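Read off the chains here:
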Amino acid sequence: MWQAEVRIDLDAIRDNVALLRAGTTAEVMAVVKGDGYGHGMLPSARAALAGGATWLGVATLEEGLELRRAGLSAPVLTWLHSPGLPLERGVEADLDISAGSVGLLGELVGAAHRAGRTARVHLKLDTGLSRGGATPADWPSLLEAAAKAQAEGEIDVIGVWSHFVYADEPGHATIDHQLAVFADGLAVAERFGISPRYRHIANSAATLTRPDAHYDLVRPGIAVYGLSPVAGTTFGLRPAMTARARVSLTKRVAAGQGVSYGHTYVTPTETTLALVPLGYADGVPRHASNVGPLLLGGKRRTIAGRVCMDQIVIDVADDPVAAGDIATLFGAGDDGAPTADDWADAIDTINYEIVTRFGSTRVPRVYDGTAGVVP
Ligand SMILES: *Cc1c(COP(=O)(O)O)cnc(C)c1O
């Protein structure tokens, strides 16, 4: 018997990757950072590989090492490293490591020496996001250092890459601009004798809408989990996560009764309240107070009053909802329940944040399907 659970459809993850794979001649790197966007990094990675992904992408060195500890042997790129990390562990584990500065490249060279082997590097160009990577002004000095380290056998430049600002708005002027800066950056790299096997810039949105940005490798994240990066279009993807809980208690209360902390909801009539055991410790955003949707007793309803740490209250009027009934916060969207997109709209955020928040440890994750499951 379960009280609250997050179900993950592994076959949906596999099928989403297969769909992305069918739309490109490039290889697919499934991005599984952030504990697989809340879906569980390892099962998600295995299901994505079963769907045809040939690479895995994560932000941190630790995430990459965890993939290796679990026995996953596909190429893995890690891309967010502060100085002083034990990068030699990444080199020993055969991780591909991104370098977007001369400083980090120097650390990688040191790591290669300590590991006694060549480091696999992807050089990152900042084409406008102003996050990781070398600016076009700093790019030649990074290339010069990389060409020297490559000549000395310390590194192998496997990739040159970048990341989009606004690919989720197809047609946005930044997309063409970044592609032009990227093409220039690749040309400059050639002049330094660097012609990487993998050139990559496309996230989910560009994978789905800009074939001209696919190059040799695409890096979808959100689409792997079946959520669309572009508002108003699903691209045939299937959401993999369902969050639900069983009603703990129902009770009749009088009209005019304040509900939950601060009494921000007051019952308009005599009514039935249902207590649902999921709260902000489990991933329900507190901003969903009085606006978060769910399916309960066959109807869409809205959270009554504040979201608490462990629970929410629903006003079900005179409907025959009882303790033990299932309240679905969001799911695949085919049974009348809201989707992560509905939640994102309700609280003015993005579907990415909704699912990633549901990665807490208190609510068990239950896996459906067989994709990538080790027999
Ligand atoms: C998170 C991330 C991705 C995946 O982005 P989506 O929008 O989820 O497809 C790709 N590349 C980098 C560098 C990222 O940080």
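Residues numbered from 1 in each chain as written. Predicted model: local features only at pLDDT ≥ 70, side-chain atom pairs only at ≥ 80, totals over all residues. Heavy atoms only, no water.

(A) View of the site of the ligand. By nearness alone, 14 residues border the ligand, and Lys 33, Tyr 37, Ser 204, Ile 222 and Tyr 352 come closest of all. One of the side-chain nitrogen or oxygen atoms of Tyr 37 is found 2.6 Å away from an oxygen atom of the ligand. With respect to the ligand, the backbone of Ile 222 contributes an N or O atom lying 2.8 Å from an oxygen atom. Compared with its free state, where it exposes 380 Å², the ligand has 94% of that area covered by protein. The residue makeup of the shell around the ligand, split by class, is seven nonpolar, four polar and three charged. (Near = heavy atom within 4 Å. Polar contact = N/O pair within 3.5 Å; in protein donor to acceptor, adjacent residues only side chain to side chain. Areas by Shrake-Rupley, 256 points an atom, 1.4 Å probe, with all protein chains shown as cover. Nonpolar A, V, L, I, M, F, W, Y, C, P; charged D, E, K, R; others polar.)

(B) Structural detail: the domain arrangement of the protein. The domains assigned to the protein are domain 1 (9-225) and domain 2 (241-368). Contact residues are listed per partner, giving eleven residues for domain 1 and ten residues for domain 2. Counting the surface lost from both domain 1 and domain 2, the interface buries some 920 Å², and carbon and sulfur atoms represent 58% of this. Sorting the residues of domain 1 by area buried against domain 2 places Gly 38, His 39 and Ile 222 first, and these three jointly supply 47% of that buried surface. Seen at the junction of domain 1 and domain 2, the total is one salt bridge. In this structure, Asp 35 and Arg 365 form a salt bridge, with 2.7 Å as the shortest nitrogen-oxygen distance. The tally of links from domain 1 across to domain 2 stands at five residue pairs in polar contact (both at pLDDT 80 or more). Counting residues per element, the ones that place at least two in the side of domain 1 that touches domain 2 are helix H1 (10-22) and helix H2 (33-37). For the side of domain 1 that touches domain 2, the leading source of residues is H2, giving three residues. Here the side of domain 1 that touches domain 2 is built from residues that sort into four nonpolar, four polar and three charged. (Domains from an automatic or database assignment. Contact = heavy atoms within 4.5 Å. Buried area = accessible area lost by both parts, 1.4 Å probe. Salt bridge = Lys/Arg side-chain N within 4 Å of Asp/Glu carboxyl O. Helix = DSSP H or I, 4+ residues; strand = E, 2+ residues; numbered from the N terminus.)

(C) Spotlight on the sheet that holds strand E14 (residues 271-276). Strands sit in the order E11-E14-E17 across an open sheet of three strands; the sheet is antiparallel. Only two strands of the sheet have a single neighbouring strand rather than two, namely strand E11 (249-253) and strand E17 (312-317). The sheet shows a mean angle of 30° between the axes of neighbouring strands, direction not considered. Strand direction decides the pairing type here: E11 and E14, joined by five bridges, are antiparallel. Across the sheet, residue Leu 249 finds its bridge partner in E14, namely Leu 275. (Pairing = 2+ DSSP bridges. Axes fitted to C-alpha atoms, helices over the stretch in contact; angles between N-to-C directions.)

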